[in-house]
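# Tertiary structure, described
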Amino acid sequence: MDEKEGQGASAVRVEDPWYDTPASGWGDVDGTGGRVPVTSPASAQQGETGPSAAEIYLEVQRSAAFQEVRRRYRRFVVPASLAFLLWYLAYVVAATTAPEFMARPVAGAVNVAMVAGLGQFLTTFLLTWAYACHAGRRRDGAALELRWDTQEMTRGAGR
């Protein structure tokens, strides 16, 4: 038998003073020598009779606050997506059906197709900016409050 094989994994020792120290509450021993089960403070106060996390999430999904956040999201995203898609399709259709129009010079070597193509990039950035502004003004606060309430309800719920 090789000397390295005889040592095995037990021969590896990490010289770290925290290596053998468990985190607070983990691996604590009760008076009989058995392990103390780890429970969250909320579940110790409530017991395990509260609703499950799935039931809580379904309740939140049905709530008026959640429906309002989703409505605000859809009221912005659906029209903005349709407008951008129509703008993109108009560019593609114009490029394929009216090449003479797209080749018309605007300024020097810059033609209509180049201006429209750069307009695609510009509208992408403008739409992203508008989405971020809308989310910050109309949804983020309500969504954050809803998330906080949901986390408070699920704390200690049977997962």
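Residues numbered from 1 in each chain as written. Predicted model: local features only at pLDDT ≥ 70, side-chain atom pairs only at ≥ 80, totals over all residues. Heavy atoms only, no water.

This part covers the overall build of the protein. If you tally the helices and strands in the protein, you get 6 helices and 2 strands. Going from N to C terminus, the protein has its helices and strands arranged as α-α-α-α-α-β-β-α. By the burial criterion, 16% of the 159 residues in the protein qualify as buried. Per element, the accessible surface of the protein, about 12,400 Å² overall, is 62% carbon and sulfur. (Helix = DSSP H or I, 4+ residues; strand = E, 2+ residues; numbered from the N terminus. Buried < 20%, exposed > 50% of the residue type's maximum accessible area, 1.4 Å probe, protein only. Areas by Shrake-Rupley, 256 points an atom, 1.4 Å probe, with all protein chains shown as cover.)

This brings us to a nonpolar patch on the surface. A grouping of L85, Y88, L89 and V92 is seen on the molecular surface, where their side chains present a nonpolar patch of about 330 Å² in accessible area. Tracing the backbone shows V92 in helix 4 (residues 64-97). (Patch = residues over 30% accessible without salt bridge, like charges linked within 9 Å, V, L, I, M, F, W, Y side chains within 5 Å. Salt bridge = Lys/Arg side-chain N within 4 Å of Asp/Glu carboxyl O.)

Listing the buried residues of helix 3 (residues 53-62) in full gives A53, I56 and V60. Within helix 3, the buried residues cover an arc of 60° as seen down the axis, which keeps them to one side. Within helix 3, the exposed residues directed more than 90 degrees away from the buried face are A54 and R62. Close packing links the buried residues of helix 3 with helix 4 and helix 6 (112-154). (Arc of directions from axis to C-beta. Contact = heavy atoms within 4.5 Å.)

Running from N to C, helix 3 and helix 4 cross one another at 60°; their axes reach a closest spacing of 5 Å. Considering their axes alone, helix 3 and helix 4 lie oblique with respect to each other. In contact with V60, Q61 and R62 of helix 3, helix 4 contributes A64, F66 and Q67. For the contact of helix 3 with helix 4, a count of residues per class yields 3 nonpolar, 2 polar and 1 charged. (Axes fitted to C-alpha atoms, helices over the stretch in contact; angles between N-to-C directions. Parallel < 35°, antiparallel > 145°, perpendicular 65-115°, else oblique. Nonpolar A, V, L, I, M, F, W, Y, C, P; charged D, E, K, R; others polar.)

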